[in-house]
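In case you want the letters, here they are:
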Amino acid sequence: QVQLVESGGGLVQPGGSLRLSCAASGSIFSINAMGWYRQAPGKQRELVAAITSGGSTNYADSVKGRFTISRDNAKNTVYLQMNSLKPEDTAVYYCNAAITGWARKEYDYWGQGTQVTVSS
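Here the residue numbering is sequential within each chain, running from 1 through the sequence in written order. Residues qualify for local features only when their pLDDT is at least 70, as the model is predicted, and side-chain atom pairs are given and counted only at 80 or more; totals for whole chains, interfaces and linings, by contrast, use all residues. Computation of side-chain values: all heavy atoms of the structure, hydrogens and water removed.

Asks: Explain the pattern of salt bridges here, please?
Replies: A side chain of one charge can pair with a side chain of the opposite charge when the charged atoms of the two come close. Whenever Lys or Arg places a side-chain nitrogen within 4 Å of a carboxyl oxygen from Asp or Glu, that contact is recorded as a salt bridge. Per the stated rule, a full pass over the model turns up four salt bridges. One salt bridge connects Glu 46 with Arg 38, and the closest N-O pair in it is separated by 2.7 Å. For Glu 46, a relative accessible area of 35% translates into the label partly exposed. For the salt bridge of Arg 66 with Asp 89, the shortest nitrogen-to-oxygen distance reads 2.8 Å. Within this pair, whereas Arg 66 is found in the loop between strand 6 (57-59) and strand 7 (67-72), its partner Asp 89 is found in the loop between strand 8 (77-82) and strand 9 (91-100), the two being separated by 23 residues in sequence. Note on accessibility: Arg 66 and Asp 89 belong to one class, buried. A cluster of three or more residues bridged by salt bridges with shared partners is formed by Arg 38, Glu 46, Arg 66 and Asp 89. For each residue, the accessible area found with a 1.4 Å probe, counting protein chains only, is set against the maximum for its type, and the residue is called buried under 20%, exposed over 50%, and partly exposed in between. Counting from the N terminus, the helices are DSSP H or I runs at least four residues long and the strands are E runs at least two residues long.

Written out as structure tokens, the structure is:
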């Protein structure tokens with residue numbers, strides 16, 4: 001069994017910052033790509049940022065220069081530092097990870113989601 005547990009969401013004013021964390025636990029042999037997605041009401045889930053096991057990153061155009069994704073492989077944790085937040089960043093943010101278990105099979109896992117609300 002593998003679990004992804006997110007934390008760090010909340011209410012913040014426009015221009016503020018938040019840091020999301022997502023920790024993976026369970027029967028993990030290795031973690032490959034990790035990422036953050038978001039889903040706003042009435043919209044499809046979209047990729048926000050992703051990071052490979054080697055540290056290569058990519059970002060949605062809408063967050064480039066404002067958000068930074070990072071990971072701590074020793075802690076099986078991925079982070080999303082969000083700066084200069086805008087009301088349009090309001091969404092439920094989901095952690096995603098491609099994890100290989102001890103059976104040497106890779107599966108895609110999702111966190112439960114954490115709400116980020118940007119409002120004055």
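Asks: Quick question: what am I supposed to make of the pairing of strand 3 (residues 18-26) here?
Replies: A regular strand places its side chains so that they alternate between the two faces of the sheet. By this definition, two strands are paired if DSSP reports at least two bridges between them. Where strand 1 (residues 2-7) lies against strand 3, six bridges are found, and the strand directions are antiparallel. Bridge pairing links Glu 6 to Cys 22 in strand 3.

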